[in-house]
Amino acid sequence: MHILVLGATGGVGRSLVEQALANGDEVTAAVRTPEKLNLQHPNLHIQRCDAFKAADVAALFTDNSHYDAVASALNTNQGVKPGNDLQRMLSNIAPQLQKHRIKRIIYCASAGVDNELEGKRGQAAMEFLRHPLADHRAAIEQIRAAGLDATIVRPLGLTHDALSGHYIEAAQGIPAGNGRIARADVAHFILKALHNDAYIGQSIALSGV
């Protein structure tokens, strides 16, 4: 499988690139600063791309429209402030997938994007994160409007722990885990879902055990 990874220099994105290459997949890593990736592999192609620029995104597909799937691990620097960075980037990306008939995409969002966090603590968390969650939802709407075969990933609290390969999934609500998950395990799930069409159309929350 040839996977286009967006946001490949972040914690989830880089781990996804490494795991996909180890799995025998071909990877194109789209990054704003290629020097930050610092990886070499015969099946790895690194392409400079600023996803805020429509021309940069279009260039990803000009000579490389043979991707089998796309994984978005894009993030922003806007923190909890109001912003539409993710929406703007996906408004450039989703139409290109539609144009080049690439149907499969996995989008890494955050727990709370489905308004699924319950109780006072959950409600307080969603209120605190209301602006980034709204941006994620707007980005997801871009994906849905393009009619793509999407899986939305909703990880709980992200850590820098090593890959374990052990985590709990939930298609509804949140899983009864420890409320935290390693970025490497999120990447592990994304790769698994890319190779399993049963996840198409699902929104999956992830937590460590």
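Notes on the structure in this doc start here. Bear in mind that the values here come from a model prediction, so they are computed numbers and not experimental data.

Calculation rules
Residues numbered from 1 in each chain as written. Predicted model: local features only at pLDDT ≥ 70, side-chain atom pairs only at ≥ 80, totals over all residues. Heavy atoms only, no water. Buried < 20%, exposed > 50% of the residue type's maximum accessible area, 1.4 Å probe, protein only. Helix = DSSP H or I, 4+ residues; strand = E, 2+ residues; numbered from the N terminus. Right-handed = clockwise from strand over helix to strand, strands pointing away. Pairing = 2+ DSSP bridges. Polar contact = N/O pair within 3.5 Å; in protein donor to acceptor, adjacent residues only side chain to side chain. Contact = heavy atoms within 4.5 Å. Axes fitted to C-alpha atoms, helices over the stretch in contact; angles between N-to-C directions. Parallel < 35°, antiparallel > 145°, perpendicular 65-115°, else oblique. Left-handed = near helix turned anticlockwise from the far one by under 90°. Nonpolar A, V, L, I, M, F, W, Y, C, P; charged D, E, K, R; others polar. Core = buried A, V, L, I, M, F, W, Y, C linked by side-chain atoms within 4.5 Å. Salt bridge = Lys/Arg side-chain N within 4 Å of Asp/Glu carboxyl O.

### Some words on the pairing of strand 2 (residues 26-31)
- The buried fraction of strand 2 is high, at five of six residues.
- For the crossover from strand 1 (residues 2-6) across helix 1 (residues 11-22) to strand 2, the handedness is right-handed.
- The pairing of strand 2 with strand 3 (residues 44-48) spans five bridges and is classified as parallel. Bridging from a neighbouring strand, Ala29 pairs with Ile46 of strand 3.

### Remarks on the side chain of Thr159
- By the element assignment, Thr159 lies in strand 7 (residues 157-159).
- For Thr159, the side chain forms a polar contact with the main-chain nitrogen of Asp161, separated by 3.3 Å.
- Filtering out sequence-adjacent residues up to four positions away, Thr159 remains in contact with Arg180, Ile181, Ala182 and Arg183.

### Overview of the packing of helix 1 against helix 6 (residues 183-194)
- Relative to each other, helix 1 and helix 6 sit at 55°, their axes nearing to 8 Å. Overall, the two elements helix 1 and helix 6 adopt an arrangement that is oblique. With respect to the hand of their crossing, helix 1 and helix 6 are arranged in right-handed fashion. Residue-level contacts link Gly11, Val12, Ser15, Leu16, Gln19 and Ala20 of helix 1 to Arg183, Ala184, Val186, Ala187, His188, Ile190 and Leu191 of helix 6.
- Of the residues assigned to the contact of helix 1 with helix 6, the class counts are eight nonpolar, four polar and one charged.

### Some details on the nonpolar core
- Counting residues in each nonpolar core, the largest one holds 34 residues, and the members touching the most others are Leu4, Leu6, Leu60, Phe61, Ile93, Leu97 and Tyr107.
- Looking at this core, the elements that each hand over two or more residues are strand 1, helix 2 (54-62), helix 3 (85-99), strand 5 (104-108), helix 5 (130-145) and strand 6 (149-155).
- Take this core: its biggest share by element is six residues, from helix 3.
- Among the nonpolar cores identified, the runner-up in size contains 32 residues, and Leu16, Leu37, Ala187 and Tyr199 belong to it.

### Let's talk about the sheet that holds strand 2
- Read from one edge to the other, the open sheet built from eight strands follows the order 3-2-1-4-5-6-10-8, with strand pairing classed as mixed. Edge positions in the sheet fall to strand 3 and strand 8 (167-170), since each of these pairs with one other strand and no more. If you compare each strand with its neighbour and ignore which way they point, the axes differ by 20° on average.
- Taken together, the five bridges between strand 5 and strand 6 define a ladder with parallel strand orientation.

### Observations regarding the pairing of strand 1
- Among the five residues of strand 1, five are classified as buried, and the element is accordingly described as predominantly covered.
- Residues of strand 1 alternate between two faces, with His2, Leu4 and Leu6 on one and Ile3 and Val5 on the opposite face, all of them buried.
- Of the pairings in the sheet, the one linking strand 1 to strand 2 comprises five bridges and is parallel in character. Within strand 2, the residue paired with Leu4 across the bridge is Thr28.
- Pairing of strand 1 with strand 4 (residues 69-72) involves four bridges; the strand directions are parallel. Residue pairing in the sheet places Val5 in a bridge with Ala71 of strand 4.

### Thoughts on the pattern of salt bridges
- Scanning the entire structure with this criterion turns up nine salt bridges.
- Arg14 serves as the salt-bridge partner of Glu18, at 3.2 Å between the closest nitrogen and oxygen. Taken together, the positions of Glu18 and Arg14, both in helix 1 and four residues apart, correspond to about one turn of that helix.
- By relative accessible area, which is 37% here, Glu18 ends up partly exposed.
- In this structure, Lys192 and Glu169 form a salt bridge, with 2.5 Å as the shortest nitrogen-oxygen distance.

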